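Chain by chain, the residues:
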Amino acid sequence: AQSVTQLGSHVSVSEGALVLLRCNYSSSVPPYLFWYVQYPNQGLQLLLKYTSAATLVKGINGFEAEFKKSETSFHLTKPSAHMSDAAEYFCAVSVGSQGNLIFGKGTKLSVKP
Amino acid sequence: EPEVTQTPSHQVTQMGQEVILRCVPISNHLYFYWYRQILGQKVEFLVSFYNNEISEKSEIFDDQFSVERPDGSNFTLKIRSTKLEDSAMYFCASSGQAFSTDTQYFGPGTRLTVL
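Residues numbered from 1 in each chain as written. Chains lettered and ligands numbered in written order. Predicted model: local features only at pLDDT ≥ 70, side-chain atom pairs only at ≥ 80, totals over all residues. Heavy atoms only, no water.

Trainee: Honestly, the sheet that holds strand E8 (residues 75–79) of chain B in this entry has me stumped. Any pointers?
Mentor: Backbone hydrogen bonds hold the strands of a sheet together, and the pairing may be parallel or antiparallel. Residue and element names in this part refer to chain B. Pairing within the open sheet is antiparallel, and its four strands lie in the order E1-E3-E8-E7. Of all the strands in the sheet, the pair left with one neighbour each is strand E1 (5–7) and strand E7 (65–68). Here the average twist between neighbouring strands, direction ignored, is 20 degrees. In this sheet, E8 lies alongside strand E3 (residues 19–24) in antiparallel orientation, the contact comprising five bridges. Among the inter-strand pairings, arginine 22 is bridged to a residue of E8, identified as threonine 76. (Pairing = 2+ DSSP bridges. Helix = DSSP H or I, 4+ residues; strand = E, 2+ residues; numbered from the N terminus. Axes fitted to C-alpha atoms, helices over the stretch in contact; angles between N-to-C directions.)

Okay, here's the thing in structure tokens:
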């Protein structure tokens with residue numbers, strides 16, 4: 001069965017520092033992977049997705065993620081954190097014939113001035 | 001930009017009462033989903049819905065739950081007799097297609113508190 005594990009429920013970085021949010025997946029078939037972001041009092045918004053094309057995927061707001069099959073990872077990075085990046089980030093894998101999503105527990109990102 | 005909306009934002013109910021959570025998906029979308037997130041836990045899939053019937057459902061989605069598209073715009077989740085453990089944030093989502101690669105657009109959620 002497919003699953004997703006996010007390491008670190010809370011990550012804190014300084015403004016301008018590298019953001020690295022970790023996601024590892026388990027899947028018996030080639031996975032489709034997603035990163036969603038949730039700002040306070042808002043819904044989940046898609047940041048980027050991997051659908052078996054390029055392994056390095058660029059998303060909105062300067063985020064990108066690299067699919068590494070050998071490490072079963074899909075870590076999210078951003079070179080330079082902004083205060084506006086403070087939010088909760090969810091990694092998810094798509095399963096089933098209709099693409100139902102299996103989510104990780106989420107990582108809350110704090111950005112210090 | 002089109003968005004998924006949900007009402008109410010917060011619902012408080014007594015154990016054993018029925019609740020209906022409402023969602024308005026993006027207008028040209030055909031596939032609809034409900035997820036929930038119990039505080040401190042993962043977002044979990046509940047059910048997917050297409051062409052006026054349930055496509056898939058999880059083990060969580062037992063006989064106490066039902067979904068309906070009563071008109072051309074609303075998509076509802078009904079919990080017939082709420083339990084304390086139903087307290088959670090409930091998210092509605094919609095997508096234009098049902099492929100595994102298609103993007104699901106999420107609403108802001110309804111926080112359900114069962115007392």
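Trainee: Explanation requested: the interface of chain A and chain B in the structure shown.
Mentor: Size of an interface: often given as the accessible area lost when the parts come together. Each partner contributes to the interface: chain A provides 23 residues, whereas chain B provides 24 residues. Across the chain A to chain B interface the summed buried area is about 1,900 Å²; carbon plus sulfur atoms make up 49%. The tally of links between chain A and chain B comes to zero salt bridges. For the interface between chain A and chain B, the tally reads five residue pairs in polar contact (both at pLDDT 80 or more). Listed by contribution, the elements that provide at least two residues to the side of chain A that touches chain B are strand E4 (33–38), strand E5 (44–50), strand E9 (87–95) and strand E10 (100–103) of chain A. Here the side of chain A that touches chain B is built from residues that sort into nine nonpolar, 12 polar and two charged. (Contact = heavy atoms within 4.5 Å. Buried area = accessible area lost by both parts, 1.4 Å probe. Salt bridge = Lys/Arg side-chain N within 4 Å of Asp/Glu carboxyl O. Polar contact = N/O pair within 3.5 Å; in protein donor to acceptor, adjacent residues only side chain to side chain. Nonpolar A, V, L, I, M, F, W, Y, C, P; charged D, E, K, R; others polar.)

Trainee: Whenever I open this one, the nonpolar core confuses me. Can you help?
Mentor: Nonpolar side chains in soluble globular proteins tend to be buried together. If you look at the biggest cluster of nonpolar residues, it comprises 28 residues, and the most contacted ones within it are Trp35, Leu48, Phe74, Leu76 and Tyr89 of chain A. For this core, the secondary-structure elements that each account for two or more residues are strand E2 (10–14), strand E3 (19–26), E4, E5, strand E7 (64–68), strand E8 (73–78), E9 and strand E11 (107–112) of chain A. Among the elements that take part in this core, E9 of chain A stands out by supplying five residues, more than any other. Among all residues touching leucine 48 of chain A, those that are not within four sequence positions of it are Leu33, Phe34, Trp35, Val57, Lys58, Gly59, Phe63, Glu64, Ala65, Phe74 and Leu76 of chain A. Grouped together as the second largest cluster of nonpolar side chains are 22 residues, Val4, Phe32, Val47 and Leu77 of chain B included. (Core = buried A, V, L, I, M, F, W, Y, C linked by side-chain atoms within 4.5 Å. Buried < 20%, exposed > 50% of the residue type's maximum accessible area, 1.4 Å probe, protein only.)

Trainee: Explain the pairing of E3 of chain A to me, please; I cannot follow it from the model alone.
Mentor: Consecutive residues of a regular strand have side chains that alternate between opposite faces of the sheet. Residues and elements named next belong to chain A. Taking every second residue as pointing to the same face, the buried face of E3 carries Val19, Leu21, Cys23 and Tyr25, while none of Leu20, Arg22, Asn24 and Ser26 on the other face is buried. Two strands pair when backbone bridges link them, and strand E1 (residues 3–7) and E3 are joined in this way by five bridges, in the antiparallel orientation. By the bridge assignment, valine 4 is partnered in E3 with tyrosine 25. In terms of strand pairing, E3 meets E8 through four bridges, oriented antiparallel. Note on E8: the bridge partner recorded for leucine 20 is threonine 77.

Trainee: Looking at this structure, I do not really get the state of the cysteines. What am I missing?
Mentor: As used in these notes, a disulfide is a covalent bond between sulfur atoms, one from each of two cysteines. Taken as a whole and judged by the stated rule, the model has two disulfides over all chains. Residue cysteine 23 of chain A pairs covalently with cysteine 91 of chain A via a disulfide, S to S 1.9 Å. Handedness here is read from the sign of the S-S torsion; for cysteine 23 of chain A and cysteine 91 of chain A, about -65 degrees, the answer is left-handed. Linking cysteine 23 of chain A in strand E3 with cysteine 91 of chain A in strand E9, this pair joins segments that are 68 residues apart in sequence. Among the residues examined, cysteine 23 of chain A registers a relative accessible area of 0% and is labelled buried. When its relative accessible area of 0% is taken as the criterion, cysteine 91 of chain A is described as buried. Cysteine 23 of chain B shares a disulfide with cysteine 92 of chain B; S-S distance 1.9 Å. Judged by the torsion about the S-S bond (-65 degrees), the cysteine 23 of chain B/cysteine 92 of chain B disulfide is left-handed. In this pair, cysteine 23 of chain B sits in strand E3 while cysteine 92 of chain B sits in strand E9 (residues 88–95), placing the two residues 69 residues apart along the sequence. In this structure cysteine 23 of chain B comes out as buried when scored by relative accessible area, which is 0%. (Disulfide = S-S within 2.5 Å.)

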